[in-house]
Amino acid sequence: MDAVLISLLTILLGFVLILIIFFIQTGGLKSLVSTTTSKKSSLYHPTFLILGANNSGKTSFFYKLLQLSNDDEIDDKANTTTVAATVSSLEPNVTKINLPISNPSIGKPFQLIDYPGHLKLQKVFERLIIDEITLKNLKGVVYMIDSSSVNINDDTNLESIVKFLYNLFSITERIPNGVDFLIAINKTDLFDSVPVHKIKTKLELEINKLIQ
């Protein structure tokens with residue numbers, strides 16, 4: 001029995017020594033500190049989010065704001081601002097702009113994020129708000145909706161919009177006074193677009209169903 005116990009203790013001691021050697025070789029506590037520091041998100045700034053389903057026009061809106069912000073910084077009217085192509089992506093578009101755009105002299109820098117509208121990224125999106133941007137730095141949300149009848153009158157599409165907004169409200173309302181939202185109705189110039197007041201009514205009815 002003593003021989004077995006000695007063997008087990010020897011194995012345990014060897015394992016501990018291996019861990020100590022590995023810890024020293026990888027930089028010890030300095031390595032842990034640097035790793036923790038490197039994980040601090042670059043998104044930790046006062047932020048406005050632009051959200052919406054794919055093809056809702058949110059990315060076009062993002063680049064339009066960026067273009068307006070850049071135009072205000074250009075004194076020479078002959079210069080032009082290059083704007084990137086608006087393509088759907090699984091990665092967020094991130095930039096910084098000065099708000100208000102209409103008065104650059106009093107503008108303050110804010111981070112602007114156009115987040116992909118794919119439903120599979122919902123959980124990643126929640127972590128983005130809570131852990132990376134953090135709620136205290138989230139200054140406002142613009143949620144864009146395609147007003148075409150094909151989109152609004154589709155029960156599946158409408159349900160996904162309402163569920164996303166409802167889940168988002170449950171996060172943003174955790175802080176005092178919550179976060180300001182702007183529901184932006186896009187493509188109202190289309191001949192089959194649904195009037196804004198009808199979209200508002202539909203959204204309210206669906207949200208009330210979830211609450212009840």
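Note that this is a predicted model, so its numbers are computed, not measured.

A. Summary view of the pattern of salt bridges. Within this structure, the stated rule accounts for 4 salt bridges. With a shortest N-O distance of 3.4 Å, Asp146 and Lys187 are connected by a salt bridge. Note that Asp146 is positioned in strand E4 (residues 138-146) and Lys187 in the loop between strand E5 (181-186) and helix H7 (196-211), a separation of 41 residues in sequence. The residue Glu206 makes a salt bridge to Lys209 at a minimum N-O spacing of 3.3 Å. Of the two residues, Glu206 and Lys209 are both situated in helix H7; the distance of 3 residues between them amounts to about one turn of the helix.

B. Highlighting the nonpolar core. One finds Leu49, Leu51, Phe125 and Ile129 to be the most contacted residues of the largest nonpolar core, which totals 26 residues. Mapped by element, the contributors of at least two residues to this core are strand E1 (47-52), helix H4 (122-133), E4, helix H6 (155-172) and H7. With 7 residues, the top contributor of residues to this core is H6. Residues contacting Phe125, with those up to four places away along its chain left out, are Leu49, Leu51, Tyr115, Phe164 and Leu168. Counting 11 residues, the second-largest nonpolar core is a separate cluster that includes Ile50, Leu66, Ile101 and Val142.

Cut-offs applied
Residues numbered from 1 in each chain as written. Predicted model: local features only at pLDDT ≥ 70, side-chain atom pairs only at ≥ 80, totals over all residues. Heavy atoms only, no water. Salt bridge = Lys/Arg side-chain N within 4 Å of Asp/Glu carboxyl O. Helix = DSSP H or I, 4+ residues; strand = E, 2+ residues; numbered from the N terminus. Core = buried A, V, L, I, M, F, W, Y, C linked by side-chain atoms within 4.5 Å. Buried < 20%, exposed > 50% of the residue type's maximum accessible area, 1.4 Å probe, protein only. Contact = heavy atoms within 4.5 Å.

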